[in-house]
Amino acid sequence: MDLWQCSAVVTGGASGLGAETALHLAEAGAKVAVIDIDPKGVEAVATKIGGLGVPCDLADAEAAEAAWSYAREMHGPARVLVNCVGRAHPQRILDRGKPMPLEAFRYLVEVNLISTFNMMRLAAADMASLASKTDGERGVIISTASVSAYEGQIGEAAYSASKGGVVSMILPAARELGEAGIRVIGIAPGLFSTPTLFTLERDLNARLASQMPFPHRFGDPAEFARLVLHVISNVMINGSVLRLDGGYHR
Ligand SMILES: NC(=O)c1ccc[n+]([C@@H]2O[C@H](COP(=O)([O-])OP(=O)(O)OC[C@H]3O[C@@H](n4cnc5c(N)ncnc54)[C@H](O)[C@@H]3O)[C@@H](O)[C@H]2O)c1
């Protein structure tokens, strides 16, 4: 997929992996809309990349649909969607005998999984209406999972379940949307240095980094963004979840 003047949407693009992805997409010539709950962050990224900032709580399905429509109105239907929206809130199922509030589990599933699917379905409808390009391709949808989908730690039952849902929907979505020339791919990052997520892991950076087979460090968000751009450019990548983890198995 050629990104020049192509309309692209990045969710969770106000920070971390999403912000870096938005920058790389803009540098490749795409018209980028960033949708994120953080109004200041969204504005800062949009200004930096010359794109569109759309503040929105993606856990609110109606607001998310309105944000999607606004991005379409401003930039035209997207051919690229990169879902980076996500939250992690480690919490034990039993904390000194008290059960984890069900609402806490529901919230992470809402933000990490349901909002990702919501964007996917809206994107698919728009992409399917577009003229096809080389190889009959109409669009690419990339969603961020996590290695916690496979190897979750204590305290990650909700986070792992939400990311496991992202992993599991990639293949059926690719099978279905392939009929319309839309590719669907997942990326499962290991440990990346991002400003707001996984503070705890960052504090333990040295110990965790030493356990990585190679390289012995956290990932750089630019390495994630470069994979996103490669996936967009390589039409044979479809229906898979790509681990990006330096060989790290938790
Ligand atoms: N950093 C890592 O090591 C790592 C590892 C595995 C997976 N991931 C995943 O990568 C993605 C990006 O994470 P990151 O490390 O860049 O974190 P980040 O916190 O820097 O970025 C996540 C963004 O999502 C936004 N967001 C959160 N809830 C939202 C909501 N309800 N509506 C709209 N926006 C919302 C935040 O405002 C933030 O800008 C997440 O899905 C995360 O689960 C990150």
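For the structure itself, look to the data block above.
Residues numbered from 1 in each chain as written. Predicted model: local features only at pLDDT ≥ 70, side-chain atom pairs only at ≥ 80, totals over all residues.

Asker: Explain the sheet that holds strand 3 (residues 52-55) residue by residue, including any values.
Answerer: The strand order across the open sheet built from seven strands is 3-2-1-4-7-8-9, with neighbouring strands paired in parallel fashion. Edge strands, defined here as strands with exactly one partner in the open sheet, are strand 3 and strand 9 (241-244). Averaged over all neighbouring strand pairs, the angle between strand axes comes to 15°, with direction disregarded. Strand direction decides the pairing type here: strand 7 (residues 139-144) and strand 8 (residues 182-189), joined by six bridges, are parallel. When the sheet's bridge partners are listed, Ile141 is paired in strand 8 with Val184. (Pairing = 2+ DSSP bridges. Helix = DSSP H or I, 4+ residues; strand = E, 2+ residues; numbered from the N terminus. Axes fitted to C-alpha atoms, helices over the stretch in contact; angles between N-to-C directions.)

Asker: Which residues make up the site of the ligand, and what values do they have?
Answerer: If you check the shell around the ligand, you find 29 residues, and the closest are Gly12, Ser15, Gly16, Gly86 and Thr194. No other element matches helix 1 (residues 16-27), which puts three residues into the shell around the ligand. (Near = placed C-beta within 6 Å.)

Asker: Please provide a residue-by-residue account of the nonpolar core, values included.
Answerer: Counting residues in each nonpolar core, the largest one holds 75 residues, and the members touching the most others are Ala22, Val32, Val34 and Val80. The element that contributes the greatest number of residues to this core is helix 4 (residues 102-128), accounting for nine residues. Excluding anything up to four places from it in sequence, Val34 contacts Val10, Gly13, Ala14, Ala22, Val42, Val45, Ala46, Gly51, Leu52, Gly53 and Val54. (Core = buried A, V, L, I, M, F, W, Y, C linked by C-beta atoms within 7 Å. Buried ≥ 20, exposed ≤ 12 C-beta atoms within 10 Å, placed from the backbone. Contact = placed C-beta atoms within 7 Å.)

Asker: Requested: an account of the pairing of strand 3, with residues and values cited.
Answerer: Regular strands show a simple pattern: their side chains alternate between the two faces of the sheet. Relative to strand 3, strand 2 (residues 31-36) runs parallel, the two sharing four bridges. In the strand pairing of strand 3, Ile35 is matched with Val54.

Asker: How would you sum up the environment of Glu110? Please name residues and give values.
Answerer: Turning to its location among the elements, Glu110 is positioned in helix 4. Contacts of Glu110, omitting those with residues within four sequence positions, involve Ala59 and Ser115.

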